Amino acid sequence: MFATCCAAIPVIFLLPGMKFLILVAGTNDPSNAEYLADRFGEGLKEGGADEVVKIRVRDLDLRHFTADCYESGCPIEPGFARLQREVQSAQGVVIGTPIWNFSVPAHLKNLFDRMGSFALDRTRTKGKLKGLPFYCIFTGGSPQRAWILMRETTSHIGKALEYFGAIHTGTHFEPRCMPGKGVFGLVVDKRPDVLTKMRIEGKRLAEAVKAGRVHHRGNWLLRFGMLSERLLERWGK
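Because the structure is a prediction, the values reported are computed rather than measured.

**Quick notes on the overall build of the protein**
Within the protein one finds eight helices and five strands. Each helix and strand of the protein, placed in order from N terminus to C terminus, yields the pattern α-β-α-β-α-β-α-β-α-α-β-α-α. A burial count over the protein gives 41% of its 237 residues as buried. Looking at the protein as shown, the accessible area adds up to about 13600 Å², and 57% of this sits on carbon and sulfur atoms.

Right under this line is the structure:
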C-alpha cells in the first residue's frame, strides 16, 4: 500500500537556474557602456542563462567605504544587501563601465571596496568568490591606441576581483564613444559589428559556464602565485 502510494506521487527536483549579474557604472542616459552590456546580456540568454539581473551602480546608494565596513556590527544599507545577495547567487558577473580620466567612476571603485566585507575572509587575505567568472566592458572617448595606457590604469578592477577569488574571462574596450569633441551621447548603437561581438561574447560565456569550462584570460603570473600559495598551505598542514 505504501509503495503504491509513493509510486503515484511525482517527485520534482527544483534545480537552481543559471543566473548572471550585470553591473553598469555609467551615469549618462543613454549610456554606451550600458548599451553594450545589454547586448552582452542578450548573448548570455542565447547561451542558456535563465536569468540576467542588471544593476545600475548609481541606484544602489552605497555609503563610502571605511574600515568600519569590515566590522560585524556595521549597518547594512538595502542597496548593499541587494548587491551581496545578487553577487553571491550569480554564476557570472559582467561589468559595464565608462573610463573617466583614465579610471572608472568613483562609485564603482567604492562598490568593490565595499565588496571586500563579504568577498574576503576575516583576515582579508583570501577571496571567497570561488572562481566566479567575470567579464569587463570598458568604453572611452579616446582612440583604440589609448587602450595601451588605459589597460594599466583600469587594471585594478580585474585585479580586485581576482583577489576576491573570481576568474577574469575577458575584456572589451570600445573606443571613440563620443559623437564629437566634448560632446557626450550614444554612438555604439550604430556599430553593428561591435554589437554582434558583444552578443557572441555573452553567449560564449554562458555556454562556458554551463559546460564548466571557464578559462582565465588575465594575469597568468597572478594565477600561478595563487596556486603556489594553496600548495604551500596544503604542504604546511
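More follows now that the structure is in view.
**Examining the packing of aromatic side chains**
Counted according to the given criterion, the structure contains five aromatic pairs. Look at F138 and W147: their rings are 5.6 Å apart centre to centre, the planes differ by 40°, and that puts the pair in the tilted class. What links up through ring pairs into an aromatic cluster is the set F138, W147 and F173. Sitting over the ring of F80, R114 keeps its end group 4.5 Å from the ring centre. For R124, the ring lying beneath its charged end belongs to Y70, and the centroid distance is 4.2 Å.

**A short note on the pairing of strand β4 (residues 133–139)**
In terms of residue burial, β4 counts as a mostly covered element, since seven of its seven residues are buried. Alternating positions in β4 separate into two faces, P133, Y135, I137 and T139 on one and F134, C136 and F138 on the other, with burial throughout. Relative to β4, strand β3 (residues 92–98) is paired through six bridges, and the arrangement is parallel. Bridge pairing in β4 places V94 opposite Y135.

**Comments concerning helix α4 (residues 106–119)**
For α4, which comprises 14 residues, the first-to-last C-alpha distance of 19 Å matches the rise-based estimate of 20 Å (1.5 Å per residue) to within 8%. Among the residues of α4, L108, N110, L111, F112, R114, M115, G116, F118 and A119 are the ones counted as buried. The secondary structure elements touched by the buried residues of α4 are β1 (19–24), α3 (78–89), β3 and α6 (155–163).

**Remarks on unusual backbone geometry**
In this structure, P30 follows D29 across a cis peptide bond, with omega equal to 5°. As for its placement among the helices and strands, P30 is situated in the loop between β1 and α2 (32–46). Phi is positive for D61, close to 55°, though the residue is something other than glycine. Overall, the relative accessible area of 66% leaves D61 in the exposed class.

**Here's the deal with the environment of A106**
With respect to the helices, strands and loops of the structure, A106 is situated in helix α4. Along the backbone, A106 and H64 are 42 residues apart, and their C-alpha atoms lie at a distance of 9.8 Å.

**Remarks on the pairing of strand β5 (residues 167–174)**
Of all eight residues that make up β5, six are buried, and the element is covered over most of its length. Bridge count for β4 against β5 is seven bridges, and the pairing is parallel. In the sheet register, T139 faces β5, and the bridge partner there is E174.

The rules behind each value
- Residues numbered from 1 in each chain as written.
- Predicted model: local features only at pLDDT ≥ 70, side-chain atom pairs only at ≥ 80, totals over all residues.
- Heavy atoms only, no water.
- Helix = DSSP H or I, 4+ residues; strand = E, 2+ residues; numbered from the N terminus.
- Buried < 20%, exposed > 50% of the residue type's maximum accessible area, 1.4 Å probe, protein only.
- Areas by Shrake-Rupley, 256 points an atom, 1.4 Å probe, with all protein chains shown as cover.
- Phe/Tyr/Trp six-rings, centres within 6.5 Å; stacked < 30°, edge-to-face > 60°.
- Lys NZ or Arg CZ within 6 Å of the ring centre and 35° of its normal.
- Pairing = 2+ DSSP bridges.
- Expected span 1.5 Å × (residues − 1).
- Contact = heavy atoms within 4.5 Å.

It is worth stressing that arrangement in space is one thing and function is another; only the former is reported here.
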